[in-house]
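What follows is the residue order along each chain.
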Amino acid sequence: MTVLSASGLRYAYPDGTLAVDGVDVTVERGERVAVLGPNGAGKSTLLSLLGGLVEPDAGTVRYFEETTDADAVRDRLSVLTQNPAEYLFNPTVREDLAYGPAQQDRSAAEVDRRVERVAERLELDGLLSKPPFRLSGGQQRRAALASALTVEPEVLLLDEPLSNVDAANRATILDLFDELVADGATLVVSTPDTELVPHVADRVILVDAAGEVAATGPTREILTDTALLSACSLRPPQVVRLFEGRAGEPPLTVAEAADRLDGTD
Ligand SMILES: Nc1ncnc2c1ncn2[C@@H]1O[C@H](COP(=O)(O)OP(=O)(O)OP(=O)(O)O)[C@@H](O)[C@H]1O
């Protein structure tokens with residue numbers, strides 16, 4: 001089933017900056033997709049358009065093959081922007097995490113169950129009684145992600161969800177993403193970081209500095225195409241460069257490289 005289908009999306013900011021120009025995107029249920037591009041390529045704008053937070057100047061977004069009204073699918077699709085303050089506005093972190101499911105009219109017991117589960121999973125349980133503005137920057141990012149997850153959406157559109165998050169919490173969040181997808185969720189993650197992409201996506205939508213889609217394809221194909229990435233001011237992951245010129249397909253991650261080296265020892 002197609003969960004998201006956008007065609008001809010175009011958006012210019014009031015000052016005239018053309019951020020997204022003629023973009024078509026289709027995402028199928030259960031996919032893990034990265035929107036990859038350099039700073040300023042229009043990734044955040046594109047995610048906001050896909051999530052219905054911003055109206056396009058041209059083009060349409062269709063959700064679950066049913067409707068073009070993003071509000072009609074609010075329970076099924078969550079967008080996480082780069083600004084945690086948009087999600088953290090209650091007196092405590094617990095209330096922020098409870099806000100989404102409470103809006104869905106879930107029972108108090110069900111709201112509590114979701115808050116406890118997500119908080120434990122993201123190691124926020126010790127912070128639930130804190131005011132969100134007293135959290136560190138990285139903790140705020142995690143709390144904002146947690147508030148999107150308690151809604152238990154089918155589709156998650158996440159704008160650079162791991163920026164400002166330390167290595168241990170990154171690993172926890174990446175494991176959690178894998179679990180969500182295994183449970184049937186669909187994940188769209190924007191990032192300018194080619195090192196992150198193999199961990200979050202099987203398919204890449206590559207956007208260039210002009211806000212256009214430069215290419216769409218399997219992660220391996222996109223991340224090993226040095227010329228294509230370079231045209232978008234990006235570089236392949238370091239291990240790809242390390243294995244350049246060697247026989248066989250280059251590894252995309254350190255773990256794959258370690259396996260490869262083990263095999264050749
Ligand atoms: N409120 C705004 N008003 C005017 N121009 C804007 C506004 N927000 C973003 N832009 C411009 O739109 C373009 C796309 O910005 P956007 O934030 O979508 O890029 P991005 O790919 O998400 O960048 P980054 O990787 O730095 O987060 C940029 O040229 C940016 O300067």
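Residues numbered from 1 in each chain as written. Predicted model: local features only at pLDDT ≥ 70, side-chain atom pairs only at ≥ 80, totals over all residues.

Participant: How would you sum up the pairing of strand 8 (residues 203-207)? Please name residues and give values.
Facilitator: Buried residues dominate strand 8, accounting for 4 of its 5 residues. Sheet topology note: the strand 3 (residues 32-36)/strand 8 ladder contains 4 bridges and is parallel. Paired with V33 across the strands is R203, a residue of strand 8. With 5 bridges connecting them, strand 8 and strand 9 (residues 213-218) associate as antiparallel partners. (Buried ≥ 20, exposed ≤ 12 C-beta atoms within 10 Å, placed from the backbone. Helix = DSSP H or I, 4+ residues; strand = E, 2+ residues; numbered from the N terminus. Pairing = 2+ DSSP bridges.)

Participant: Requested: an account of the site of the ligand, with residues and values cited.
Facilitator: Around the ligand there are 13 residues in total, and Y13, N39, K43, S44 and T45 lie nearest to it. If you tally residues by element for the shell around the ligand, the top one is helix 1 (residues 43-50), at 3 residues. (Near = placed C-beta within 6 Å.)

Participant: Give me the lowdown on the domain arrangement of the protein chain, citing residues and values where you can.
Facilitator: One can read the domain layout of the protein chain as domain 1 (1-76 + 153-219) and domain 2 (89-151). Between the C-alpha centres of domain 1 and domain 2 there is a distance of 23 Å. Of the residues lining the interface, 10 residues belong to domain 1; the matching set on domain 2 comes to 11 residues. Looking at the side of domain 1 that touches domain 2 element by element, the count peaks at 3 residues for helix 5 (residues 167-182). Taken together, the residues of the side of domain 1 that touches domain 2 break down into 5 nonpolar, 3 polar and 2 charged. (Domains from an automatic or database assignment. Contact = placed C-beta atoms within 7 Å. Nonpolar A, V, L, I, M, F, W, Y, C, P; charged D, E, K, R; others polar.)

Participant: Describe the sheet that holds strand 2 (residues 18-28), with residues and values.
Facilitator: The antiparallel open sheet is built from 3 strands, whose spatial order is 2-1-4. Two strands lie at the open edges of the sheet, namely strand 2 and strand 4 (58-63), each paired on one side alone. Each adjacent strand pair in this sheet contributes to an overall mean axis angle of 10 degrees, direction not counted. When strand 1 (residues 2-12) meets strand 4, the two strands line up antiparallel, connected through 5 bridges. When the bridges of strand 4 are listed, A6 appears paired with V61. In the packing of helix 1 onto the sheet, the strands contacted are strand 1, strand 2 and strand 4, and the crossing angle to strand 2 comes to about 55 degrees. (Axes fitted to C-alpha atoms, helices over the stretch in contact; angles between N-to-C directions.)

Participant: I'd like a rundown of the sheet that holds strand 7 (residues 186-191), residues and numbers included.
Facilitator: If you trace the 6 strands from one edge of the open sheet to the other, you get 5-6-7-3-8-9, paired in mixed fashion. The strands lining the two open edges of the sheet, one partner per strand, are strand 5 (77-80) and strand 9. Going from strand to strand, the sheet's axes swing by 10 degrees on average, the running direction of each strand aside. Here strand 3 pairs with strand 7 via 5 bridges, running parallel.

Participant: How would you sum up helix 1? Please name residues and give values.
Facilitator: For helix 1, the tally of buried residues reaches 8 of 8 residues, placing the bulk of the element in the interior. Looking only at helix 1, the buried set comprises K43, S44, T45, L46, L47, S48, L49 and L50. The positive-phi residue at the C-terminal boundary of helix 1 is G52, with phi of around 75 degrees.

Participant: Before we move on, could you go through helix 4 (residues 137-149) and cite the residues and values that matter?
Facilitator: The end-to-end C-alpha distance of helix 4, which contains 13 residues, comes to 19 Å, matching closely the 18 Å that a straight helix rising 1.5 Å per residue would cover. When you tally the buried positions in helix 4, you get 11 out of 13 residues, the bulk of the element. For helix 4, the set of buried residues is Q139, Q140, R141, R142, A143, A144, L145, A146, S147, A148 and L149. Residues of helix 4 that are buried make contact with strand 5, helix 2 (93-103), helix 3 (108-121), strand 6 (155-159) and helix 5. (Expected span 1.5 Å × (residues − 1).)

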